[in-house]
Amino acid sequence: MTSWPRFTDTRLFVTEAVRGFRTTGAVAPSSRRLASALSEPATERAGQPLDVLEVGAGTGPVTRFLLPLLAPGSSLDVVEANPRFAAVLRNVVHERHPDRESRSARPHGPSPDRSPLRVRVHETRIECLDTHKSYDVIISGLPFTDFGPDTVASLMDRYLDLLRPGGSLTYFAYVGTAPARRLVAPSAEVARHRAVEAVLAAYRRRGPAQGRTVWANVPPARVWRLDPTPSRTCTPAARGARTATARPARG
């Protein structure tokens, strides 16, 4: 079983949060309960080969949850732009699969017969990820409410473009941030936050969406799951136009 984040990893996360809160979007790594909720679509299909994309993995709480869960024949692409977090993620993968380090650490990768679960750590932003794959499950750890509405729309369009028909997308937002911002933030910041919430709500209206609150997290978080139908997603041309405007992001 993969160990949960060590104290040194948590300390690194806090250090990075102090250095640039807007890019980490949190003060502590996600709890195991939050990781479990975000990974629910993969859990429901445990035993089946899945292609999974995790974006904004941080120090790896969701990655740790997924590694023992995914069946042989599955693939896990982990996207993390912060180089210090990416180094931690490579160690997480190595601890779980010593012969299966990510290709970002070993460019040629292991042989297929030794890698029933294929894991890659991509030290990049999702906007820059060079992939021709589509995914059954996409898990986003990016701090949407810390970005502008256009950036959020670009990221969501990118996810939908990468999501396989019948696939699921999960993301989360912290509970209570909107009232807190209204109390202490400038009016422009409050307006930006409301605009982001409106963008996310519009995407939820495109297809089946479910929400649940995870109280066992610091702070508590609302997890959203989208199971979009192909007819309600954007056209590829619209997605491409939105993706071109995306700004740096991570969570």
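Thresholds applied
Residues numbered from 1 in each chain as written. Predicted model: local features only at pLDDT ≥ 70, side-chain atom pairs only at ≥ 80, totals over all residues. Heavy atoms only, no water. Phe/Tyr/Trp six-rings, centres within 6.5 Å; stacked < 30°, edge-to-face > 60°. Helix = DSSP H or I, 4+ residues; strand = E, 2+ residues; numbered from the N terminus. Buried < 20%, exposed > 50% of the residue type's maximum accessible area, 1.4 Å probe, protein only. Lys NZ or Arg CZ within 6 Å of the ring centre and 35° of its normal. Pairing = 2+ DSSP bridges. pLDDT = per-residue confidence, 0-100. Contact = heavy atoms within 4.5 Å. Salt bridge = Lys/Arg side-chain N within 4 Å of Asp/Glu carboxyl O. Core = buried A, V, L, I, M, F, W, Y, C linked by side-chain atoms within 4.5 Å.

Digging into the packing of aromatic side chains
In total, this model carries three aromatic pairs according to the counting rule given. Considering the side-chain rings of F144 and Y159, the 6.5 Å spacing of their centres and the 55 degrees angle between planes classify their relative orientation as tilted. One end of the pair, F144, is in the loop between β4 (135-140) and α7 (149-162); the other, Y159, is in helix α7, and 15 residues separate them in sequence. What makes F144 buried here is its relative accessible area of 2%. Note on F144 and Y171: the rings are 5.4 Å apart at their centroids and 65 degrees apart in plane angle, and the pair reads as edge-to-face. Within this pair, whereas F144 is found in the loop between β4 and α7, its partner Y171 is found in strand β5 (residues 163-174), the two being separated by 27 residues in sequence. The residue whose ring lies beneath R206 is Y203, and the NZ or CZ to ring-centre distance is 4.2 Å.

Side note on the environment of P61
Among the structural elements, P61 can be located in helix α5 (residues 61-66). You can call P61 buried: its relative accessible area is 3%.

Notes on the pairing of strand β6 (residues 209-214)
Looking at chain direction, β6 and strand β7 (residues 221-226) are connected through six bridges and run antiparallel. By the bridge assignment, A209 is partnered in β7 with L226. Counted along the chain from β6 to the antiparallel partner β7, the turn is six residues long.

Examining the confidence of the model for the protein
For the protein, mean pLDDT is 80; residues scoring 70 or higher make up 70% of the total. Taken as a whole, residues 20-25 scores under 50 in pLDDT and shows 21 contacts with residues more than four places along the chain or in a different chain. The low-confidence segment residues 101-114, where pLDDT is below 50, has 24 contacts with residues more than four positions distant or belonging to other chains.

Observations regarding the pattern of salt bridges
Throughout the structure, instances matching the rule amount to 10 salt bridges. Note that E123 and R90 form a salt bridge whose closest N and O atoms lie 2.7 Å from each other. On the criterion of sequence distance, the pair formed by E123 in the loop between β3 (118-122) and β4 and R90 in helix α6 (residues 83-96) is long-range, its members being 33 residues apart. One salt-bridge network, in which partners are shared between bridges, spans E40, E44, R212, R225 and D227.

Considering the nonpolar core
Judged by nonpolar contacts, the single largest core of 30 residues is most densely connected at L66, L70 and L76. Secondary-structure elements contributing two or more residues to this core are α3 (32-38), α5, β2 (75-79), α6, β3, β4, β5 and β7. Residues in contact with L76, not counting those within four places in the same chain, are V52, T63, L66, L67, L70, R118, V119 and R120. L142, V152, Y159 and L200 belong to the second largest nonpolar core, which has 26 residues in total.

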